Amino acid sequence: MAPRAFWKGYLKLSLVTCPVALSPATSDSEKIRFHTLNRKTGNRVVSRYVDEETGRRVEEDDEAKGYARGEADYLILEDEELESVRLDSARSIDIEGFMPRDSIDWVWCDTPFYLAPDDPVGEEAYCVIRDAMRSTGTIGVSRLVLYRRERAVILKPREKGIVLWTLRYGEEVTDPRDIFAGVGDRDVDPGLLRLIEKVIEERKAPWSSEMVRDPVQERLSELINEKKKGLPHKTASKQEPDETPSNVVNIMDALRRSVAAEAKAKKPPAKPKR
């Protein structure tokens with residue numbers, strides 16, 4: 001069942017406007033979840049806030065948001081003050097500009113949504129914007145208020161529709177130079193490079209959703225079904241941890257062995273002689 005649209009408004013580009021609807025592109029509704037129970041009664045337990053110092057329960061009316069400004073020193077912010085800085089949801093996505101399709105690093109992309117036409121009359125305008133981005137190899141740039149916060153977004157054509165990606169805020173993305181500063185700028189041996197390229201070529205495969213299977217969820221589902229039927233659960237044998245690889249003295253020899261192993265694995269079995 002397709003997810004329901006949670007936002008409806010207008011997609012605008014210059015004088016072109018069309019009604020659109022925004023739906024989640026991902027879902028975790030199929031994920032298995034657990035409740036915390038009282039083992040003795042089988043009843044669910046309820047979480048309650050308690051004062052860290054006194055241990056007494058805090059009533060809902062006495063709960064407040066606090067910003068830590070020092071050790072055990074908090075600045076209390078009232079609900080009205082927090083509400084004053086939130087933004088009302090504007091009902092339009094104005095495309096402010098365009099950029100080359102591959103110019104934004106994937107690390108900036110946060111959450112995907114499907115942006116679909118919401119009216120047969122405006123569908124032609126929607127399709128024109130989609131196809132124009134596809135033919136020019138560009139993506140649209142805009143801003144959108146979601147959940148009372150303004151987000152920078154990009155719009156990418158995909159198949160018959162458009163995917164809207166919210167982008168992470170600048171302070172959320174770590175500068176890669178902080179992580180890779182210690183990596184040396186050394187010249188790579190051309191022979192090693194060719195061998196690695198050969199390994200990559202041997203392992204290339206088209207994308208498949210099987211690559212992102214969740215074996216833990218599958219085993220949990222089997223366990224739950226067995227318990228529903230009153231069957232004893234077969235405990236899976238624990239996998240031995242992989243041995244820590246020893247230091248490779250000759251990387252060229254290791255790569256040659258790796259390439260040979262890849263080729264042998266892909267070699268079809270010999271046909272029996274008649």
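Everything numeric here is computed off the predicted structure, so don't read it as measured data.

Draft legend 1. Representation of the pairing of strand E10 (residues 161–167) in the model. Within E10, six of the seven residues are buried, which leaves it mostly tucked inside the rest of the structure. Across five bridges, strand E7 (residues 109–117) lies against E10 in antiparallel orientation. Among the inter-strand pairings, Phe-113 is bridged to a residue of E10, identified as Leu-164. The pairing of strand E9 (residues 149–158) with E10 spans six bridges and is antiparallel. Bridge pairing in E10 links Lys-156 to Val-163. Connecting the antiparallel pair E9 and E10 is a turn made up of two residues, with Glu-159 showing a positive phi of about 50°.

Draft legend 2. Focus on helix H4 (residues 190–203). Between its first and last C-alpha atoms H4 spans 20 Å; for 14 residues at 1.5 Å apiece the expected length is 20 Å, and the two agree. Every buried residue of H4 is listed here: Gly-191, Leu-192, Leu-195 and Val-199. The buried residues of H4 all sit within an arc of 100° when viewed along its axis, so they share a single face. Opposite the buried face of H4, at more than 90 degrees from it, the exposed residues are Pro-190 and Arg-194.

Draft legend 3. Representation of the sheet that holds E10 within the structure. With respect to topology, eight strands assemble into an open sheet ordered E5-E1-E2-E7-E10-E9-E8-E6, the strand pairing being mixed. One side of each edge strand has no neighbouring strand; the edge strands of this open sheet are strand E5 (92–94) and strand E6 (97–100). Each adjacent strand pair in this sheet contributes to an overall mean axis angle of 40°, direction not counted. The sheet contacts of helix H2 (residues 123–136) involve strand E1 (7–13), strand E2 (16–24), E6, E7, strand E8 (138–146), E9 and E10, and relative to E2 the element is tilted by about 80°.

Draft legend 4. Focus on unusual backbone geometry. Even without being glycine, Ala-72 reaches a positive phi, approximately 55°. Within the secondary structure, Ala-72 sits in the loop between strand E3 (65–70) and strand E4 (73–77). The class of Ala-72 is exposed, set by a relative accessible area of 69%. Its identity as a non-glycine residue notwithstanding, Tyr-147 has a phi of 55°, on the positive side. Relative to the helices and strands, Tyr-147 is located in the loop between E8 and E9.

Draft legend 5. Region of interest: the side chain of Thr-166. Mapping Thr-166 onto the fold places it in strand E10. Apart from the residues lying within four places of it in its own chain, the contact partners of Thr-166 are Trp-108, Cys-109, Asp-110, Thr-111, Phe-113, Leu-146, Arg-151, Ala-152 and Val-153.

Draft legend 6. Representation of a nonpolar patch on the surface in the model. A cluster of nonpolar residues, Tyr-67, Leu-75 and Leu-77, forms a patch on the protein surface that exposes about 270 Å² of accessible area. Along the chain, Leu-77 falls in strand E4. Assessed through its relative accessible area of 30%, Leu-77 is described here as partly exposed.

Draft legend 7. Here's a closer look at the nonpolar core. The biggest cluster of nonpolar side chains holds 19 residues, and the ones touching the most others in it are Leu-11, Leu-22, Ile-93, Leu-115, Leu-144, Leu-155 and Leu-164. Elements supplying a minimum of two residues to this core: E1, E2, E7, H2, E8, E9 and E10. Considering every element that reaches this core, the biggest residue donor is H2, with four residues.

Draft legend 8. View of the side chain of Arg-151. Within the secondary structure, Arg-151 sits in strand E9. One polar contact links the side chain of Arg-151 to the main-chain carbonyl oxygen of Leu-167, over a distance of 3.0 Å. If sequence neighbours within four positions are ignored, Arg-151 has contacts with Asp-110, Ser-142, Arg-143, Leu-144, Thr-166, Leu-167, Arg-168 and Tyr-169.

Criteria and thresholds
- Residues numbered from 1 in each chain as written.
- Predicted model: local features only at pLDDT ≥ 70, side-chain atom pairs only at ≥ 80, totals over all residues.
- Heavy atoms only, no water.
- Buried < 20%, exposed > 50% of the residue type's maximum accessible area, 1.4 Å probe, protein only.
- Helix = DSSP H or I, 4+ residues; strand = E, 2+ residues; numbered from the N terminus.
- Pairing = 2+ DSSP bridges.
- Expected span 1.5 Å × (residues − 1).
- Arc of directions from axis to C-beta.
- Axes fitted to C-alpha atoms, helices over the stretch in contact; angles between N-to-C directions.
- Contact = heavy atoms within 4.5 Å.
- Patch = residues over 30% accessible without salt bridge, like charges linked within 9 Å, V, L, I, M, F, W, Y side chains within 5 Å.
- Areas by Shrake-Rupley, 256 points an atom, 1.4 Å probe, with all protein chains shown as cover.
- Salt bridge = Lys/Arg side-chain N within 4 Å of Asp/Glu carboxyl O.
- Core = buried A, V, L, I, M, F, W, Y, C linked by side-chain atoms within 4.5 Å.
- Polar contact = N/O pair within 3.5 Å; in protein donor to acceptor, adjacent residues only side chain to side chain.

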